[in-house]
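Understanding the architecture of this molecule
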Amino acid sequence: MNPFEHDKDCPQLLDAAPYVLGALEENELRSYREHLADCALCRLEVAELQSVVDELAGSAPPVHAPAALRERVLASVRSQAEVLSAAGHEADRPQRSARRRQMPRFALAGATAFAAAVAAVVVILLSGGSSTTSERVITGQATGAARGAEVALHQRDGRAELLLSRMPQPGAGRIYEVWVVRSGVPRPTDALFGVSSSGAGAVDIPGSLHGVKQVLVTSEPLGGSQAPTRAPVIAVALSA
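One structure accompanies this document, and this report is about it. (Residues numbered from 1 in each chain as written. Predicted model: local features only at pLDDT ≥ 70, side-chain atom pairs only at ≥ 80, totals over all residues. Heavy atoms only, no water.)

Glancing now at the pattern of salt bridges. Any two side chains of opposite charge can pair if their charged atoms end up close together. Per the counting criterion, the structure on display carries 4 salt bridges. Put simply, D157 and R156 hold a salt bridge, and the shortest N to O gap is 3.9 Å. Linking E161 and R159 is a salt bridge whose minimum nitrogen-to-oxygen distance equals 3.8 Å. Three or more residues joined by partner-sharing salt bridges are found here, namely R159, E161 and D204. (Salt bridge = Lys/Arg side-chain N within 4 Å of Asp/Glu carboxyl O.)

Aromatic rings in a pair are described by how distant their centres are and how their planes are angled relative to each other. Using the criterion set out here, one finds 2 aromatic pairs in the structure. Ring plane angle 50 degrees and centroid distance 5.3 Å describe the contact between Y19 and Y32, whose orientation is recorded as tilted. In this pair, Y19 is assigned in helix α1 (residues 16–20) and Y32 in helix α2 (residues 26–36), connecting sequence segments 13 residues apart. (Phe/Tyr/Trp six-rings, centres within 6.5 Å; stacked < 30°, edge-to-face > 60°. Helix = DSSP H or I, 4+ residues; strand = E, 2+ residues; numbered from the N terminus.)

Further remarks concern α2. Residues L29, Y32, H35 and L36 constitute the buried set of α2. Projected onto a plane normal to the axis of α2, the buried residues spread over an arc of 125 degrees and lie on a single side. For α2, exposure combined with an orientation more than 90 degrees from the buried face picks out E26, N27 and E34. (Buried < 20%, exposed > 50% of the residue type's maximum accessible area, 1.4 Å probe, protein only. Arc of directions from axis to C-beta.)

Before going further, it helps to spend a moment on the sheet that holds strand β7 (residues 201–205). The strands making up a sheet are joined through hydrogen bonds of the backbone, oriented either antiparallel or parallel. Ordered in space as β1-β3-β4-β7, the 4 strands form an open sheet in which the pairing is antiparallel. Only two strands of the sheet have a single partner each, and these edge strands are β1 (136–139) and β7. The mean inter-strand angle of the sheet, taken between neighbouring strand axes irrespective of direction, is 20 degrees. As paired strands, β1 and strand β3 (residues 150–156) are joined by 4 bridges and run antiparallel to one another. Across the sheet, I138 pairs through a bridge with L153, a residue of β3. (Pairing = 2+ DSSP bridges. Axes fitted to C-alpha atoms, helices over the stretch in contact; angles between N-to-C directions.)

For the rest of this paragraph, the subject is the pairing of strand β4 (residues 159–165). Counting buried positions along β4 yields 5 of 7 residues, so the element is predominantly enclosed. The pairing of β3 with β4 spans 7 bridges and is classified as antiparallel. Looking at β4, one finds that E150 is bridged to S165. Taking the residues that link successive antiparallel strands as the turn, the β3-β4 hairpin has 2 residues, and the phi of D157 there is positive, at about 55 degrees.

With that settled, the discussion passes to the nonpolar core. Membership of the largest hydrophobic core comes to 26 residues, with the highest contact counts inside it found for L162, M167, I205, L209, V215, I234 and V236. If you list the elements that add at least two residues to this core, you get β3, β4, β5 (174–181), β6 (186–193), β7, β8 (214–221) and β9 (234–237). Beyond its immediate chain neighbours, meaning those up to four positions away, V215 contacts L153, V178, W179, V180, I205, L209, I234, A235, V236 and L238. Listed in part, the 14 residues of the second largest apolar core include C10, V20, L29 and L36. (Core = buried A, V, L, I, M, F, W, Y, C linked by side-chain atoms within 4.5 Å. Contact = heavy atoms within 4.5 Å.)

Moving on to the side chain of H154. Inspection of the secondary structure assignment puts H154 in strand β3. With relative accessibility at 13%, the residue H154 sits in the buried group. In this structure the side chain of H154 is engaged in a polar contact, spanning 2.7 Å, whose partner is the side chain of E135. (Polar contact = N/O pair within 3.5 Å; in protein donor to acceptor, adjacent residues only side chain to side chain.)

Quick look at the environment of Q12 now. Tracing the chain through its elements places Q12 in the segment before α1. Placed 20 residues apart in sequence, Q12 and Y32 show a C-alpha to C-alpha distance of 8.0 Å. Apart from the residues lying within four places of it in its own chain, the contact partners of Q12 are Y32, H35 and C42.

Sheet architecture is open: 5 strands sit in the order β2-β9-β8-β5-β6, paired in antiparallel fashion. On the outer flanks of this sheet lie β2 (141–142) and β6, each paired with one strand and no other. Pairing of β2 with β9 involves 2 bridges; the strand directions are antiparallel. Within β9, the position partnered with Q141 by the bridge is A235.

The structure is reproduced here in structure tokens:
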């Protein structure tokens, strides 16, 4: 029997990166260690991530991470890992049973690569000193099913990132998609994302926001849409 067959869909796989980065709370850490004793898939994921983090740690002196940076990195790790996991489940539908057992591992490899990249970013940021570049933060509005969520768009060094908390799940077979509005019509981007079980999410907005009046988020079928299929649940208004 494939040793991963029984736990290939383990929901706690998403906690492997926070575990390796030392970001779990004490009770979460204790519970996850107990889980690792019984889950071969999570043990493998932790081992792969740990080898990368160990190498990176030796190249930079340890520095205490600011709380805001820590939360942003963890939100990004968890939300993007869930996107990759969802993509793996969607791909896990071929008729051949052999391919059914292979596809999830490919998706998990993508999650590993993403988490490793995040670990690299953390080390570089913390060892490279501070930057004097200013950051602009715009608060967004949540409506409909996302009412009560907290939304902030961060702009820094020509880059824009959307940070969310207390977001609902996008729905079965669906994913969140980011849209930009310049002349009254929402235009799709390739920014697709999910949120963690606690509703945290982070996603980069591709391209320049020059001339953009609004940034919107809708729930769309996996893979995204060319036109919104549902009303926006997030709207961020940018000044002209």
